[in-house]
Protein chains: 2
Amino acid sequence: MNIEMIRAAEQRLRRHARRTPLLSSPFLDEIAGRQVLVKPECLQHTGSFKYRGARAALSALDDETCQRGVIAFSSGNHAQGVALAAREFGTSAVIIMPSDAPELKIENTRALGAEVVLYDRANEDRDAIGAELAATRGLTLIKPFDEPQVIAGQGTVGLEIAEDAAALGVHLASVLVPCGGGGLTSGVALALEAEAPEMRVHPVEPEGFDDVARSLATGEVQRNERTAGSLCDAIITPSPGHITLPIMQRLCGPGLVVSEDDCLRAMALAWQRLKIVVEPGGAAALAAALFQPQTFQGETVIVVATGGNVDMPVFQRALKEDLS
Amino acid sequence: MNIEMIRAAEQRLRRHARRTPLLSSPFLDEIAGRQVLVKPECLQHTGSFKYRGARAALSALDDETCQRGVIAFSSGNHAQGVALAAREFGTSAVIIMPSDAPELKIENTRALGAEVVLYDRANEDRDAIGAELAATRGLTLIKPFDEPQVIAGQGTVGLEIAEDAAALGVHLASVLVPCGGGGLTSGVALALEAEAPEMRVHPVEPEGFDDVARSLATGEVQRNERTAGSLCDAIITPSPGHITLPIMQRLCGPGLVVSEDDCLRAMALAWQRLKIVVEPGGAAALAAALFQPQTFQGETVIVVATGGNVDMPVFQRALKEDLS
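Residues numbered from 1 in each chain as written. Chains lettered and ligands numbered in written order. Predicted model: local features only at pLDDT ≥ 70, side-chain atom pairs only at ≥ 80, totals over all residues. Heavy atoms only, no water.

Participant: Is there a simple way to explain the overall build of chain A in this structure?
Facilitator: Check the secondary structure of chain A and you find 14 helices and nine strands. The C-alpha radius of gyration computed for chain A amounts to 18 Å, which stays within 12% of the reference 20 Å derived for 324 residues, consistent with globular compactness. Its C-alpha atoms give chain A principal-axis dimensions of roughly 55 × 40 × 40 Å. Here chain A holds 324 residues, and the buried ones make up 64% of them. Once local pairs closer than 6 in sequence are excluded, the contacts in chain A between residues at least 24 apart make up 74%. Once the 29 positive and 41 negative side-chain charges of chain A are each reduced to a mean point, those two points are 4 Å apart. (Helix = DSSP H or I, 4+ residues; strand = E, 2+ residues; numbered from the N terminus. Rg over C-alpha atoms; globule rule 2.2 N^0.38 Å. Buried < 20%, exposed > 50% of the residue type's maximum accessible area, 1.4 Å probe, protein only. Contact = heavy atoms within 4.5 Å. Lys, Arg positive; Asp, Glu negative; His and termini not counted. Charge placed at Lys NZ, Arg CZ, Asp CG, Glu CD.)

Here's what the structure looks like:
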């Protein structure tokens, strides 16, 4: 896993992944007490950065393997990314999703042409379901984060951050990334190590699901007690990846932890000040930037808003947050 | 008024105006029955394209004139654009706003450092108020649309559309633009005449405020009976401009007319499918693209989503639209 793989992924994604801008608002700067730059990956195809990793992974397969079809596990954003990438390559995708995933994500994944297999998160073993399907149909598993080509695709977010920040004269910054298994966080960190070495990446997780923060703090792999029951469904994973954690240990941290309420407030401010739609997990880094300015260094903070696939009732709940 | 002024404005706006991408969604393509590309100027500084024209106009003033200060009339988006541009040039701005303008727009204009003077749209003469202030303080009026440098600034939207559409292989398209006085519409039309001559621009207005559509249809300047009472406050003007109308007569039309309800539905779909926040007037062109596919030609329609400065109650109303 190295920077050359990220640069190669960038070449393969060119004219496919959308080049998202860096957004800002003087009103957000005032709240955070520093310059806040937001990379809105909610504007990416399928509404999250996951399309990058999915397309990078599929485009790295040989034709024959690709045409046999792919399979993925996902609560929704990786699902949509793999579904769209598979459709673009003219192959089939089976997506195994928890039955409590947001409806919008399940519907969209189906509408993008994938076959969705729902499972009960509490009582069924998704790995067994997936292994069975993969074996009988010859499908290739596209892992959501612990896969070098997926990390390479997500790392292109870091290349774009480095380039666009430099154009604004920003070279020194804290970079906050909503973190599940660490695919995006480790990819961005590798990209910035090469292109903007004065930037420090911090993973951001919701309270109660801070396996990465605890793993970084203790130096040992930590697991979450639960993997359901959070509004931040997009960034809930049992534990950090085997490939992603060593990268994060070398380059990232400390990890930051935010409350669900702060994610909802950040969603409302992103609506009001940036005119973007962000889902709870996607707003975790913005929440840390705005409401925990004491937890990281520097005059500039760069935040990835990772996705915008939120069901209406949750979004309406966010809009009830006090913005005064 | 010519393409060279637009190219010069682009140079002056470089590294100041935000380069907005072209967004799309297969779900919107399906509704419209053709490819839909959306230029999200709601993501521009101050939440609308108006910053472009304001900054272009202020940057064309000589230093002494600029430093005496500027004045503008606006229901809100031009107000915020002028306020921010004035702050960037270290000068003062007086903005005369109708007292029934959206609260968010009034608050933001003040927060950006402008002096806001409210007037009663029904009973007071804003021109007289403005003339008095301009004369006593030596302020320069920055008109919202009937001013060559403002049109030049808005025209940069057209240059970007031409470039980004070409990168997607799109050269032939209908381009729909929400239209008030015609500054953006005429600027985009001039830019596309030079850079993408196979694209045809259609202004889009709300029902009951279709002065431009009627002026284009009859060949004579038509006025609206009312200039208040629309959700689409951003694109309500008494009549087309003296500079903008001849350009639109030469290059644009026919004008399209949409209902407020269709604007609200388009806002909800932009929220769901593009993850952007659009105000009612800013959604007029998207509404026409999605719900009036028979009124314009071609396999591709390009839409400008002009702004996102919407008060919460109106946005909540849009989210109640049926998206099924």
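Participant: Any chance you could explain the pattern of salt bridges here in plain terms?
Facilitator: Two side chains that carry opposite charge are able to pair once their charged atoms sit near each other. All names here are of chain A. The full count for this structure, using the stated rule, is 38 salt bridges over all chains. Residue arginine 19 is joined to glutamate 160 by a salt bridge in which the shortest nitrogen-to-oxygen separation is 3.8 Å. With arginine 19 in the loop between helix 1 (3-13) and helix 2 (26-32) and glutamate 160 in helix 8 (residues 148-167), the pair connects residues that are 141 residues apart, well separated along the chain. Look at arginine 19 and you get partly exposed, because its relative accessible area is 34%. By sharing partners, the salt bridges in this structure join Arg19, Lys39, Glu41, Arg52, Glu160, Glu163 and Asp164 into a single network. (Salt bridge = Lys/Arg side-chain N within 4 Å of Asp/Glu carboxyl O.)

Participant: What should I look at first to understand empty space enclosed by the protein in this one?
Facilitator: Sizing a probe to match a water molecule and rolling it over the atoms shows the empty space that remains. For the coordinates displayed, the defined rule picks out one cavity of 30 Å³ or more. Considered as a void within the structure, the largest cavity measures approximately 190 Å³ in volume. Taken together, 21 residues make up the lining of the largest cavity; nearest its centre are A:His45, A:Thr46, A:Gly47, B:Ser25 and B:Arg273. Among the elements of the structure, helix 5 (77-88) of chain A together with helix 2 (26-32) and helix 12 (260-274) of chain B are those that each provide at least two residues to the lining of the largest cavity. When the residues that make up the lining of the largest cavity are grouped by side-chain class, the tally is eight nonpolar, 10 polar and three charged. (1 Å grid on protein atoms, 1.4 Å probe; cavity = no way out; pocket = protein on both sides within 12 Å on 5 of 7 lines; lining within 4 Å. Points joined across faces, edges and corners; volume = space filled by probe spheres on them. Nonpolar A, V, L, I, M, F, W, Y, C, P; charged D, E, K, R; others polar.)

Participant: Whenever I open this one, the relation of the copies chain A and chain B confuses me. Can you help?
Facilitator: Taken together, a rotation about one axis and a shift along it account for how the two chain copies relate. When chain A is fitted onto chain B, the two copies agree to an RMSD of 0.0 Å after a turn of 180° and an axial shift of 0.0 Å. The two molecules are tied by a two-fold rotation axis, judged by turn and shift. Looking at the rotation axis and the C-alpha trace of chain A, the residue lying nearest is A:Ile276, at 2.3 Å. Both copies contact each other with a shared surface, as 100% of the interface residues of chain A are interface residues in chain B too. (Least-squares fit on C-alpha atoms with pLDDT ≥ 70 in both.)

Participant: Whenever I open this one, the sheet that holds strand 9 (residues 300-305) of chain B confuses me. Can you help?
Facilitator: Strand-to-strand pairing in sheets goes through backbone hydrogen bonds, with the strands running parallel or antiparallel. Residues and elements named next belong to chain B. The strand order 1-9-6-7-8 describes an open sheet built from five strands, whose pairing is parallel. Taken across any chain shown, the strands that pair with only one partner, and hence form the sheet edges, are strand 1 (35-40) and strand 8 (256-258). Across this sheet, the average inter-strand angle for adjacent strands is 25°, counted without regard to direction. Pairing of strand 7 (residues 199-206) with strand 8, which is carried by three bridges, proceeds in the parallel orientation. What sits directly across from glutamate 205, in strand 8, is valine 257. Contacts from helix 10 (residues 211-218) reach strand 7 and strand 8 within the one sheet, and its direction differs from that of strand 7 by about 125°. (Pairing = 2+ DSSP bridges. Axes fitted to C-alpha atoms, helices over the stretch in contact; angles between N-to-C directions.)

Participant: In this structure, what is going on with helix 8 of chain A? I would like to understand it.
Facilitator: Three- or four-residue spacings in an α-helix give side chains the same orientation, since the helix completes a turn every 3.6 residues. Residues and elements named next belong to chain A. Given a rise of 1.5 Å per residue, 20 residues ought to cover 28 Å, and the 29 Å separating the end C-alpha atoms of helix 8 matches this to within 8%. Of all bends in helix 8, the biggest is about 25°, found at glutamine 154. Taking burial as the measure, the 20 residues of helix 8 include 15 buried ones, the bulk of the element. One side-chain oxygen at the N-terminal end of helix 8 lies 3.0 Å from the backbone nitrogen of glutamine 149; it belongs to glutamate 147. Looking one or two places after helix 8, you find glycine 169, whose phi comes out positive at around 80°. (Expected span 1.5 Å × (residues − 1). Bend = angle between axes of the 7 residues up to and from the residue. Polar contact = N/O pair within 3.5 Å; in protein donor to acceptor, adjacent residues only side chain to side chain.)

Participant: Which parts of the structure should I look at to understand the UniProt feature "domain: Tryptophan synthase beta chain-like PALP" (unreviewed entry) in chain A?
Facilitator: Here, UniProt's "domain: Tryptophan synthase beta chain-like PALP" (unreviewed entry) annotation points to residues 15-307 of chain A. Span residues 15-307 of chain A is 44% helix and 16% strand, its end C-alpha atoms 20 Å apart. (UniProt positions renumbered as here; feature names shortened; annotations may be inferred.)

Participant: Which parts of the structure should I look at to understand the environment of B:His242?
Facilitator: Secondary-structure assignment places B:His242 in the loop between helix 10 and helix 11 (244-251). Once the C-alpha coordinates of B:His242 and B:Gly182 are considered, the two residues, 60 residues apart in sequence, prove to be 9.8 Å apart.

Participant: Whenever I open this one, the environment of B:Ser239 confuses me. Can you help?
Facilitator: Mapped onto the elements of the fold, B:Ser239 is located in the loop between helix 10 and helix 11. It is 9.1 Å that separates the C-alpha atoms of B:Ser239 and B:Phe209, two residues lying 30 residues apart in sequence.

Participant: How should I be thinking about the environment of B:Asn77 in this particular structure?
Facilitator: All names here are of chain B. Counting through the fold element by element, asparagine 77 comes out in helix 5 (residues 77-88). For asparagine 77 and glycine 187, which are 110 residues apart along the polypeptide, the C-alpha to C-alpha distance reads 17 Å. A distance of 2.9 Å separates a polar atom in the side chain of asparagine 77 from a polar atom in the side chain of glutamate 279.

Participant: Help me out: how do you make sense of the pairing of strand 4 (residues 115-119) of chain B in this one?
Facilitator: Two faces make up the sheet, and in a regular strand the side chains alternate between them. All names here are of chain B. Here five bridges tie strand 3 (residues 93-98) to strand 4, and the two strands are oriented parallel to one another. Of the residues in strand 4, the one forming a bridge with isoleucine 95 is valine 116. Read from strand 3 through helix 6 (residues 103-111) to strand 4, the crossover connection turns out right-handed. (Right-handed = clockwise from strand over helix to strand, strands pointing away.)

Participant: Teacher, can you tell me more about helix 1 (residues 3-13) of chain B here?
Facilitator: All names here are of chain B. Buried within helix 1 are the following residues: Ile3, Met5, Ile6, Ala9 and Leu13. Buried residues along helix 1 cover an arc of 155° about the axis, so they all sit on one side. Looking at the buried side of helix 1, the elements it contacts are helix 3 (50-59), helix 8 (148-167) and helix 9 (183-195). Sitting at the amino-terminal end of helix 1 is asparagine 2, which places a side-chain oxygen 3.0 Å from the backbone nitrogen of glutamate 4. Positioned one or two residues after helix 1, arginine 15 has a phi angle of 70°, which is positive. (Arc of directions from axis to C-beta.)

Participant: Help me understand the side chain of A:Gln80, please; the structure alone is not making it clear to me.
Facilitator: All names here are of chain A. Mapped onto the elements, glutamine 80 comes out in helix 5. A polar side-chain atom of glutamine 80 sits 3.2 Å from a polar atom in the side chain of asparagine 108. Leaving out residues up to four positions away in the same chain, glutamine 80 has contacts with Thr46, Lys105, Asn108, Thr109, Leu112 and Asn309.

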